[in-house]
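Close look at the chain arrangement
The primary structure of each chain is shown beneath.
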Amino acid sequence: MIFAVLSVTLMSVQAKIIGPEYHPVQIAFARGIIVLILLSPLIYKLGGFNFLKTKKPFLHLFRSLSGLIGNLLFFYSLHRIPVADVTVISMAVPIFSSILAIIFLKEVIGWRRWTAIILGFFGVLIAVDPTADIKTASIIAVIATFMWSTTIIFLRILGTTENPVKTVFYFMLISVICTSFFQPFFWKEPSLKVIILFIGLGTCAFITQILMTYALQKAQASIVSPFNYSGILWAILFDLLI
């Protein structure tokens, strides 16, 4: 999960560099295409169309929609506030996911994990800064964080029967289909630099999704989620570099 967090932070940095000139819908579409290309050899090796058969189509649909909405909102926020701020706000993931895990997965959380969750909550408060004028992008980042948390719960449920590659495939396929309808309105011809960034962003998304899905298949959501806190260190470092 630590490597997944590093990878998603790298993805966030590349989305930040791409800039607000490119709409989040276009970024999500390009990311999905790249990930599907990278997944193709794995799917072929695992059995092709037979491998993609599932008995949980609606769970895949809900997981994909929540993930897509969360990503679009994150991309929007990254274009307007620093990567470190978005990352700190996203530290609310363990808070939301742990509460959702208690309600829907009946997980039991000990005092050590609650301590880590509470510390993360204070970090989120500092980033949002409710005593000052709260930025719209910060609120959107909080909503995106909640959507990410619901995704974690869906992944935990799907992980009991579904291969991580299959779960990622349906997420990206549905993301590409949904965002494709909006490309005539938001598509902007990318420069060579942006194309390279799209490829890098998609590669990081591929690594993130495979690792995160695998981690949630092997451990409880309330155990895995606190590892998101390692993202603060990566985000601060990358903010200094860019």
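Below, the structure is looked at part by part.

The rules behind each value
Position numbers for residues start from 1 in each chain and track the written sequence from start to end. Totals for whole chains, interfaces and linings use every residue, but because this is a predicted model, local features are given only for residues with pLDDT of at least 70 and side-chain atom pairs only at 80 or more, for both listing and counting. Calculated side-chain values reflect all of the structure's heavy atoms, with hydrogen atoms and water omitted. Each helix is a run of H or I in the DSSP string that is no shorter than four residues. Each strand is a run of E no shorter than two, and both are numbered from the N terminus. Here, residues are in contact when the closest pair of their heavy atoms is within 4.5 Å. Note on areas: Shrake-Rupley, 1.4 Å probe, and residue coverage restricted to the protein chains presented here. The term salt bridge refers to a pairing of a side-chain nitrogen on Lys or Arg with a carboxyl oxygen on Asp or Glu at a separation within 4 Å. The rule is simple: take the accessible area with a 1.4 Å probe, protein chains only, and divide by the maximum for that residue type; under 20% is buried, over 50% is exposed, in between is partly exposed. Stacked, tilted and edge-to-face are the three classes assigned to paired rings of Phe, Tyr and Trp, where Trp is represented by its six-membered ring and a pair needs centres within 6.5 Å; plane angles under 30 degrees give stacked, over 60 edge-to-face, the rest tilted. Two conditions define a charge located above a ring, namely a distance within 6 Å from the ring centre to NZ of Lys or CZ of Arg, and an angle within 35 degrees of the ring normal. Fitted lines through C-alpha atoms serve as axes, helices being fitted only where they are in contact, and the angles separating the N-to-C directions of these axes extend from 0 to 180 degrees. Handedness of a crossing is defined here by the sense of rotation of the near helix relative to the far one, left-handed for an anticlockwise turn of less than a right angle and right-handed for a clockwise turn. Pairs of N or O atoms within 3.5 Å make up the polar contacts considered here, provided that, within protein, one atom can donate a hydrogen while the other can accept it, and that residues adjacent in sequence are counted only when both atoms are side-chain atoms. A helix is expected to span 1.5 Å multiplied by its residue count minus one. Nine residue types can take part in a nonpolar core, namely buried Ala, Val, Leu, Ile, Met, Phe, Trp, Tyr and Cys, and a core is a set of them joined through side-chain atoms within 4.5 Å. Surface patches are drawn from residues lacking salt bridges whose relative accessible area is over 30%; two like charges belong together within 9 Å, two nonpolar side chains (Val, Leu, Ile, Met, Phe, Trp, Tyr) within 5 Å.

Along the backbone of the chain there are 12 helices and zero strands. Intrachain contacts of the chain at a sequence separation of at least 6 include 93% that bridge at least 24 residues. Total accessible area on the chain stands at roughly 11,700 Å², and carbon and sulfur atoms take up 75% of it.

Turning our eyes to something else, we now look at the pattern of salt bridges. Inspection of every chain in the model, using the stated rule, returns one salt bridge. In this structure, Lys166 engages Glu162 in a salt bridge whose closest nitrogen and oxygen atoms are separated by 3.6 Å. The exposure class assigned to Lys166 is buried, which follows from its relative accessible area of 8%. We classify Glu162 as buried; its relative accessible area is 6%.

To continue, consider the packing of aromatic side chains. Both the distance between ring centres and the angle between the ring planes are used here to describe each pair of aromatic rings. Counted by the stated rule, this structure contains six aromatic pairs. The interplanar angle of 90 degrees and the centroid separation of 6.4 Å between the aromatic rings of Phe29 and Trp187 together place this pair among those described as edge-to-face. Within this pair, whereas Phe29 is found in helix H2 (residues 24-46), its partner Trp187 is found in the loop between helix H9 (183-186) and helix H10 (192-218), the two being separated by 158 residues in sequence. Directly above the aromatic system of Phe171 lies the positively charged group of Arg63, at a separation of 4.0 Å from the ring centroid. Taking NZ or CZ as reference, Arg80 lies 3.7 Å from the ring centre of Tyr76, over its face.

Our next topic: the packing of H2 against helix H8 (residues 164-180). Interaxial distance between H2 and H8 falls to 8 Å at its minimum, and their mutual angle equals 145 degrees. Note on packing geometry: the crossing formed by H2 with H8 is left-handed. On the side of H2, the interface is formed by Val25, Ala28, Phe29, Arg31, Gly32, Ile33, Val35, Leu36, Leu39, Leu42, Ile43 and Leu46, while H8 contributes Val165, Val168, Phe169, Phe171, Met172, Leu173, Ser175, Val176, Thr179 and Ser180.

Moving on, we come to the environment of Arg80. Tracing the sequence through the fold places Arg80 in the loop between helix H3 (57-78) and helix H4 (83-89). Taking the relative accessible area as the measure of exposure, Arg80 reaches 44% and is therefore partly exposed. Sequence separation between Arg80 and Thr136 is 56 residues; the distance between their C-alpha atoms is 9.2 Å. Those residues in contact with Arg80 that lie beyond four places of it in its chain are Lys16 and Ala137. There is a polar contact of 3.0 Å between the side chain of Arg80 and the backbone oxygen of Tyr76.

Another point: H3. Between its first and last C-alpha atoms H3 spans 31 Å; for 22 residues at 1.5 Å apiece the expected length is 32 Å, and the two agree. Residues His60, Arg63, Ser64, Ser66, Gly67, Leu68, Gly70, Asn71, Phe74, Phe75, Ser77 and Leu78 constitute the buried set of H3.

The subject of this paragraph is the nonpolar core. Soluble globular proteins: nonpolar side chains tend toward being buried together. Among the nonpolar cores identified, the biggest contains 47 residues, and Ile18 and Leu39 are the most heavily contacted of them. Among the secondary structure elements, those contributing two or more residues to this core are helix H1 (2-18), H2, H3, H4, helix H7 (136-158), H8 and H10. In terms of residue count, H10 provides more of this core than any other element does, nine residues in total. If we skip the residues at most four places from it in the chain, Leu39 touches Val165, Val168, Phe169, Phe206 and Ile210.

Another point: a nonpolar patch on the surface. A cluster of nonpolar side chains, contributed by Ile99, Ile102, Ile103, Phe104, Trp114, Ile118 and Phe122, occupies part of the molecular surface with about 660 Å² of accessible area. For the nonpolar patch, the secondary structure elements donating two or more residues are helix H5 (93-105) and helix H6 (111-128). If one sorts the elements of the nonpolar patch by residue count, H5 sits on top with four residues. In this structure, Ile99 sits in helix H5.

An ideal rise of 1.5 Å per residue puts 24 Å on 17 residues; H8 measures up with 24 Å between its terminal C-alpha atoms. Counting buried positions along H8 yields 13 of 17 residues, so the element is predominantly enclosed. Two to three positions downstream of the cap, the backbone nitrogen of Val165 sits 2.8 Å from a side-chain oxygen, assigning the N-cap of H8 to Asn163.

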